[in-house]
Amino acid sequence: MARFCTRCGRPLEEGEVCNCGQEAAPQQQQAQQQVAPQFQQQQSGQQFQQQAQQQGYAQNSQQFQQTQQAVTGFLGKMFGSFLNIIKHPVTGGRDVILAGGVAVGIALMVLQGILTAIFAAIGANKAFGDMVGVVSYFSSDDVKIPYVKIIFLTLILSVILSFVLALLLFLGNLIMKNTVSFTQMIGAASLRSSVVIITNILAIIVCLINPVGGMLVFAIGNIWGFFVILQAMPIANETMRNKLPLVMILVYFVFMLANYFCVKQGYTGLLGDMGSLSGLGSLGNLW
């Protein structure tokens with residue numbers, strides 16, 4: 001009876017043993033040797049990718065922590081300067097001026113601008129809301145108060161005018177021959193901003209109840225800010241100190257002229273017909 005190999009199916013003679021298993025072993029070993037490097041290569045590639053991802057995550061996490069610490073430190077410095085000015089307007093204000101911290105000064109100016117913009121929007125609503133409603137009722141046009149434009153314009157003009165004040169203070173000190181830098185005068189302008197921040201918050205609250213009272217609080221805050229600058233300004237000698245009040249009056253006068261011009265042109269350009277319709281351009285008196 002014929003016999004066959006159970007592995008390869010080759011016919012076998014009587015007593016013959018097929019050697020297909022011995023031939024397959026070297027081939028299988030060779031195949032394993034060819035596959036092993038590819039597997040190792042694939043495994044090492046995956047490990048490298050995992051290490052790169054972990055390293056990138058660690059770097060991003062470290063950068064985030066550094067950024068967070070920098071922002072927290074800056075906010076703490078700004079808040080500390082703000083409290084120092086409010087608690088000690090003269091000595092604390094003089095420290096801020098002499099430090100010449102531009103970043104902190106600009107941050108306080110921007111914060112003042114934001115609060116002034118909110119106050120302007122609330123003031124516009126209180127002063128002209130009813131008028132706009134009446135006009136819309138009797139007119140076919142849908143007349144609305146442009147709150148976004150008011151807020152954006154007020155913020156920009158407030159910051160610009162703070163820089164104008166810093167420039168005027170710098171020029172005034174040059175006239176007195178008092179040695180100061182422009183960066184220090186940015187700090188001086190931020191003294192007014194710090195005071196106005198407080199009075200702006202109060203003005204917003206009062207304006208919600210009584211718009212005229214809110215305007216009064218706002219005006220008092222601006223005048224108070226100039227008095228703080230007057231008292232905190234570092235002066236080389238007493239002769240210059242005697243000249244400082246007159247210089248501050250001139251600075252205040254020129255600043256109010258610049259204020260009026262910038263605000264009038266800005267509101268006329270951006271508000272257009274809305275300003276002429278309801279007298280919205282009069283919001284220029286807000287700062």
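Within each chain, residues carry numbers counting from 1 in the order of the written sequence. Local features in this predicted model are restricted to residues of pLDDT 70 or higher, and side-chain atom pairs are both shown and tallied only at a pLDDT of 80 or more, whereas totals for entire chains, interfaces and linings draw on every residue. Computation of side-chain values: all heavy atoms of the structure, hydrogens and water removed.

(A) Quick peek at the overall build of the protein. For helices the rule is a DSSP run of H or I covering at least 4 residues; for strands it is a run of E covering at least 2, with both sets numbered from the N terminus onward. Helices and strands together make up the secondary structure of the protein, namely eight helices and two strands. Looking at the protein as a whole, 36% of its 287 residues are labelled buried. Each residue is assigned to one of three classes by its accessible area relative to the maximum for its type, calculated with a 1.4 Å probe on protein chains only: buried under 20%, partly exposed between the two thresholds, exposed over 50%.

(B) Looking closely at the environment of Leu-75. Along the polypeptide, Leu-75 turns up in helix H1 (residues 20-87). Residue classification places Leu-75 among the partly exposed positions, given a relative accessible area of 44%. It is 8.6 Å that separates the C-alpha atoms of Leu-75 and Val-104, two residues lying 29 residues apart in sequence.

(C) Seen up close, unusual backbone geometry. In the Ramachandran plot, Lys-177 falls in the positive-phi region, its phi being about 65° despite a non-glycine side chain. Mapping Lys-177 onto the fold places it in the loop between helix H4 (147-176) and helix H5 (182-209).

(D) View of the packing of helix H2 (residues 91-99) against H5. Comment: axis = line fitted to C-alpha atoms, over the contacting stretch for helices; angle = value between 0 and 180 degrees taken between N-to-C directions. One way to put it is that H2 packs onto H5 with a least axis distance of 7 Å and a crossing angle of 150°. Judged on the interaxial angle alone, H5 and H2 are roughly antiparallel. As for the relative orientation of H2 and H5, their crossing is right-handed in sense. For the pair formed by H2 and H5, the contact residues are Gly-93, Val-96, Ile-97 and Leu-98 on the first element and Gln-184, Met-185, Gly-187, Ala-188, Ser-190 and Leu-191 on the second. Between 65 and 115 degrees an angle is taken as roughly perpendicular, under 35 as roughly parallel, over 145 as roughly antiparallel, and anywhere else as oblique. In this scheme the crossing of two helices becomes right-handed for a clockwise turn of the near helix relative to the far one and left-handed for an anticlockwise turn of less than a right angle. The criterion used for residue contact is that any of the two residues' heavy atoms lie within 4.5 Å.

(E) Quick look at the nonpolar core. Residues Leu-165, Leu-169, Met-185, Leu-191, Ile-229 and Met-233 are the most contacted members of the largest nonpolar core, which totals 46 residues. Contributing elements (two or more residues each) for this core: H1, H2, helix H3 (102-138), H4, H5, helix H6 (211-232) and helix H7 (238-271). With ten residues, the top contributor of residues to this core is H5. Only buried residues count toward a nonpolar core, which is a set of Ala, Val, Leu, Ile, Met, Phe, Trp, Tyr and Cys residues joined through side-chain atoms within 4.5 Å.

(F) Region of the structure containing H6. End to end, H6 covers 32 Å across 22 residues, agreeing with the expected 32 Å (1.5 Å per residue, within 8%). We call two N or O atoms a polar contact when they sit within 3.5 Å, provided that within protein one can donate a hydrogen and the other can accept it, with sequence-adjacent residues counted only if both atoms are side-chain atoms. The opening residue of H6 is Asn-210, an N-cap whose side-chain oxygen sits 3.0 Å from the backbone nitrogen of Val-212. To estimate how far a helix should reach, multiply one less than its number of residues by 1.5 Å.

(G) Geometry of the side chain of Asn-200. Looking at the secondary structure, you find Asn-200 in helix H5. Dropping the residues within four chain positions of it, Asn-200 is found in contact with Gln-112, Leu-115, Thr-116 and Phe-218.

(H) Main features of H2. The set of residues buried in H2 consists of Gly-92, Gly-93, Val-96 and Ile-97. Along the axis of H2, the buried positions cluster into a sector of 140°, meaning they face one direction only. As used here, the arc belongs to the directions running from the helix axis to the C-beta atoms.

(I) Quick look at the environment of Leu-155. Assignment of secondary structure puts Leu-155 in helix H4. Sequence-wise, Leu-155 and Leu-111 are 44 residues apart; in three dimensions their C-alpha atoms are separated by 9.1 Å. If we ignore the near neighbours within four places in the chain, the residues touching Leu-155 are Val-110, Gly-113, Ile-114 and Ala-117.

(J) Just the confidence of the model for the protein, in detail. Confidence of the predictor in every single residue is expressed as pLDDT, which spans 0 to 100. Counting all residues, the mean pLDDT for the protein is 78, and 71% of those residues have values of 70 or more. When the elements of the protein are averaged for pLDDT, helix H8 (residues 273-278) gives the smallest value, 45, and H5 the largest, 93. A low-confidence stretch, residues 134-138 stays under pLDDT 50, and its non-local contacts, those more than four residues away or across chains, total five contacts. Low pLDDT (under 50) marks residues 273-287, which in the prediction has 50 contacts with non-local residues, meaning those over four places away or in another chain.

(K) Quick peek at a nonpolar patch on the surface. A cluster of nonpolar side chains, contributed by Val-110, Leu-111, Ile-114 and Ile-118, occupies part of the molecular surface with about 270 Å² of accessible area. Take Ile-118: it is sitting in helix H3. Taking the relative accessible area as the measure of exposure, Ile-118 reaches 36% and is therefore partly exposed. Nonpolar side chains (Val, Leu, Ile, Met, Phe, Trp, Tyr) are joined into patches within 5 Å and like charges within 9 Å, using only residues with over 30% relative accessible area and no salt bridge. The Shrake-Rupley method, run with a 1.4 Å probe sphere, supplies the accessible areas, and residue values consider only the shown protein chains as cover. We define a salt bridge as a contact between a side-chain nitrogen of Lys or Arg and a carboxyl oxygen of Asp or Glu at a distance within 4 Å.

(L) Layout of the packing of H5 against H6. Here H5 crosses H6 at 165°, and the two axes come no closer than 8 Å. It follows that H5 is roughly antiparallel to H6 by the angle criterion. With respect to the hand of their crossing, H5 and H6 are arranged in right-handed fashion. For this scheme, ten residues count as nonpolar: Ala, Val, Leu, Ile, Met, Phe, Trp, Tyr, Cys and Pro. Four count as charged, namely Asp, Glu, Lys and Arg, and the remainder, Gly too, count as polar. Residues that form the contact of H5 with H6 fall into these classes: 18 nonpolar, seven polar and one charged.

(M) Quick look at the packing of aromatic side chains. Any two rings among Phe, Tyr and Trp, with Trp reduced to its six-membered ring, count as a pair given centres within 6.5 Å; such a pair is stacked if its planes are under 30 degrees apart, edge-to-face if over 60, and tilted if neither. In total, this model carries four aromatic pairs according to the counting rule given. Taken together, a centroid distance of 4.7 Å and an interplanar angle of 90° make the contact between Phe-226 and Tyr-252 edge-to-face. Of this pair, Phe-226 sits in helix H6 while Tyr-252 sits in helix H7; the two residues are 26 residues apart in sequence, bridging distant segments of the chain. Overall, the relative accessible area of 8% leaves Phe-226 in the buried class. On the basis of relative accessible area, Tyr-252 is assigned to the partly exposed category, the value being 30%. The interplanar angle of 55° and the centroid separation of 5.7 Å between the aromatic rings of Phe-226 and Phe-255 together place this pair among those described as tilted.

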